[in-house]
Amino acid sequence: MSKQFDVIVIGGGPGGYIAAIRAAQLGFNVACIDEWKNEKGGPAPGGTCTNVGCIPSKALLQSSEHYEHAVKHFAEHGITATDVQIDVAKMIGRKDAVVKQNNDGILYLFKKNKVSFFHGRGSFVKAAEGGYEIQVAGAAQETLVGKQIIVATGSNARALPGVPFDEEKVLSNDGALRIGATPKKLGLIGAGVIGLEMGSVWRRVGAEVTVLEGLPTFLGAVDEQIAKEAKKAFDKQGLKIELGVKIGEVKTGGEGVTVAYTDAKGEARELAVDKLIVSIGRVPNTIGLNPEAVGLQLDERGAIVVDADCKTNLPGVWAVGDVVRGPMLAHKAEEEGVAVAERIAGQHGHVNFNTIPWVIYTHPEIAWVGRTEQQLKADGVQYKAGTFPFLANGRARALGDTTGMVKFLADATTDEILGVHIVGPMASELISEAVVAMEFKASAEDIARICHAHPSLSEATKEAALAVDKRTLNF
């Protein structure tokens, strides 16, 4: 006998579990299916983000940053720390504990909101009277029927052609988060978010890190001025980044991995490392979903085809997050999950792609929202720019962390904020003010006129807004 639900969510990552909770809040009888397992085989909802992405990477970044501060920067504060050592196994153990806290928190939220959780892989069986039949393949086989289906199955790491992940020597983000001891030499292919964050973690704890990037420009999606500032900081830290390379044969054997490549000058090179992290993007995950059983349409990338409201080609079937078009960001997935639950309830869900913030949690942090200066130039938009360096910010000086700047881009005629770009301390937190401002179509003058606490890093945001009108007060 199948179990009946108003809404069935396939996938318990940021898009899925949030969609399930919001649908339950709106009065629907909701089920959420997720197959992630912990080491003991128990449920571990939260998807890539919680298990092998956002959360564990931030835990390792924090631990490695503490270590680097103790080794390199405590002395500046009059603190003597001798014989400082890093216990990598304990660092990984702490990361695992943080992940479990988040897994358990989601299970608690399901109980609190009366969401029925099923541990296993969800797949379409057929269209059924009043909706769709979904099979759950897990420890216990279940058959569910839902009137509305939300697919939130996320994405998987993209492998190099002919070089599968073994998670021992050739690592995806999963293996990169489970390295048991600091490798002497670590290679990364891809200087994107994952590459820079994981490279930073293992460089801080003693690895010699080389990052190979195929594109000729560093962080091409980031505002060029901000990217250049970040690159200078990474170079100074000892993170070796080679741009414009062409990857050739990758060999595994013996104690490590050898990567043959052609550098930007066209010269043949070879990189020998103990471990290789491949971070060249992610692909939508529909493995085992059985979309052909109901005629669910996929595009040429394997993503589920949806319209602006996340509706698929099938009535009553929706899809959100990494498995559809748009940026592969946990918070984008959450917003789509909430919006879809509200649309099912007849409300008007809201997702504004133009105000989705982006963050890279390196040191310095990089965060931005809106368009870059190069995009505005390409679009022929007349704009004004204003920047303010953290070097001139009192709180940044007190922190001993003055790298970077805040940059505002505003319409030359209306002064509406078109983009805000930050490289520097706590950029991930500072960007929220810019997101709020842009969502309400604020002008640079609006931010310039708002009182900001002193001393605070946020004063750099105010000063950058003042700089748009060439009237900074502290620089």
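Quick caveat: nothing in here was measured; it's all calculated off a predicted structure.

Reading the values: the criteria
Residues numbered from 1 in each chain as written. Predicted model: local features only at pLDDT ≥ 70, side-chain atom pairs only at ≥ 80, totals over all residues. Heavy atoms only, no water. Core = buried A, V, L, I, M, F, W, Y, C linked by side-chain atoms within 4.5 Å. Buried < 20%, exposed > 50% of the residue type's maximum accessible area, 1.4 Å probe, protein only. Helix = DSSP H or I, 4+ residues; strand = E, 2+ residues; numbered from the N terminus. Contact = heavy atoms within 4.5 Å. Phe/Tyr/Trp six-rings, centres within 6.5 Å; stacked < 30°, edge-to-face > 60°. Pairing = 2+ DSSP bridges. Axes fitted to C-alpha atoms, helices over the stretch in contact; angles between N-to-C directions. Polar contact = N/O pair within 3.5 Å; in protein donor to acceptor, adjacent residues only side chain to side chain. Parallel < 35°, antiparallel > 145°, perpendicular 65-115°, else oblique. Left-handed = near helix turned anticlockwise from the far one by under 90°. Nonpolar A, V, L, I, M, F, W, Y, C, P; charged D, E, K, R; others polar. Salt bridge = Lys/Arg side-chain N within 4 Å of Asp/Glu carboxyl O. Expected span 1.5 Å × (residues − 1).

*Asks:* Is there a simple way to explain the nonpolar core in this structure?
*Replies:* For soluble globular proteins, the rule of thumb is that nonpolar side chains tend to be buried together. Among the nonpolar cores identified, the biggest contains 37 residues, and W202, F218, L219, F234, I241 and I366 are the most heavily contacted of them. Elements with a contribution of two residues or more to this core: α3 (54-73), α4 (88-112), β8 (185-189), α6 (193-204), β9 (208-212), α7 (224-237) and β18 (365-370). The contacts of I366, once residues within four sequence positions are left out, are L219, V222, I226, A230, F234, W358, V359, I360, I422, V423 and A427. One finds A396, V420, I422 and M438 within the second-largest nonpolar core, a separate group that totals 30 residues.

*Asks:* Can you walk me through the packing of aromatic side chains in this structure?
*Replies:* Centre distance and the angle of the planes are the two values used to describe a pair of aromatic rings. For the coordinates displayed, the defined rule picks out 6 aromatic pairs. The interplanar angle of 20 degrees and the centroid separation of 5.6 Å between the aromatic rings of F110 and F117 together place this pair among those described as stacked. Classification of F110 by relative accessible area gives buried; the value is 1%. Residue F117 is classed as partly exposed on the basis of its relative accessible area, which comes to 23%.

*Asks:* In this structure, what is going on with the pairing of strand β21 (residues 417-424)? I would like to understand it.
*Replies:* Regular strands place their side chains on alternate faces of the sheet. With 8 of its 8 residues buried, β21 lies for the most part within the structure. Two elements, β18 and β21, share 6 bridges in a ladder whose sense is antiparallel. Paired with G370 across the strands is G419, a residue of β21. As paired elements, strand β20 (residues 405-411) and β21 share 6 bridges and run antiparallel to each other. What sits directly across from M405, in β21, is V423. The loop that links β20 with its antiparallel partner β21 comprises 5 residues; one of these, D415, has a positive phi angle of about 70 degrees.

*Asks:* Got a minute to help me understand the sheet that holds strand β11 (residues 246-253) in this structure?
*Replies:* For sheets, the rule is that strands pair by backbone hydrogen bonds, running either parallel or antiparallel. Taken together, 3 strands build an open sheet; the order of strands is β11-β12-β13 and the sheet is antiparallel. Two strands lie at the open edges of the sheet, namely β11 and β13 (268-273), each paired on one side alone. Neighbour to neighbour, the strand axes of the sheet diverge by 20 degrees on average, direction disregarded. Inspection of the sheet shows β11 paired to strand β12 (residues 256-262) by 6 bridges, in the antiparallel sense. Looking at the pairing, T252 lines up with V257 of β12.

*Asks:* Explain the side chain of T312 here, please?
*Replies:* On the secondary structure map, T312 appears in the loop between β15 (282-284) and β16 (317-319). Separated by 3.1 Å, the side chain of T312 and the backbone nitrogen of L314 make a polar contact. Looking at T312, its side chain comes within polar contact range of the main-chain oxygen of V317, at 2.8 Å. When residues no more than four places from it in sequence are discounted, the contact partners of T312 are L296, I304, V305, V306, V317, W318 and A319.

*Asks:* Help me understand the packing of helix α1 (residues 14-25) against helix α8 (residues 330-344) in this model?
*Replies:* Packed helices, taken two at a time, are described by the angle their axes make and the gap between the axes. Packing of α1 against α8 brings their axes to within 7 Å, and their N-to-C directions diverge by 30 degrees. For the element pair α1 / α8, the angle class is roughly parallel. Between α1 and α8 lies a crossing whose hand is right-handed. Contacts between α1 and α8 pair P14, G15, I18, A19, R22 and A23 from the former with A330, A333, E334, G337, V338, A341 and E342 from the latter. Across the contact of α1 with α8, the residue classes break down as 8 nonpolar, 2 polar and 3 charged.

*Asks:* Can you walk me through the pattern of salt bridges in this structure?
*Replies:* Proximity of charged atoms lets side chains of opposite charge pair with each other. Scanning the entire structure with this criterion turns up 29 salt bridges. One salt bridge connects K147 with D6, and the closest N-O pair in it is separated by 3.5 Å. Note that K147 is positioned in strand β5 (residues 142-151) and D6 in strand β1 (residues 3-10), a separation of 141 residues in sequence. Linking R471 and D469 is a salt bridge whose minimum nitrogen-to-oxygen distance equals 2.8 Å.

*Asks:* Any chance you could explain α8 here in plain terms?
*Replies:* Residues three or four positions apart in an α-helix share a direction because the helix packs 3.6 residues into each turn. For α8, spanning 15 residues, the distance from its first C-alpha to its last is 21 Å, which sits close to the expected 21 Å at 1.5 Å a residue. Buried within α8 are the following residues: K332, A333, E336, G337, A339, V340, A341, E342, R343 and I344. Contacts from the buried residues of α8 go to β1, α1, β5 and β16. Two residues or fewer after α8 comes G346, characterised by a positive phi angle close to 85 degrees.

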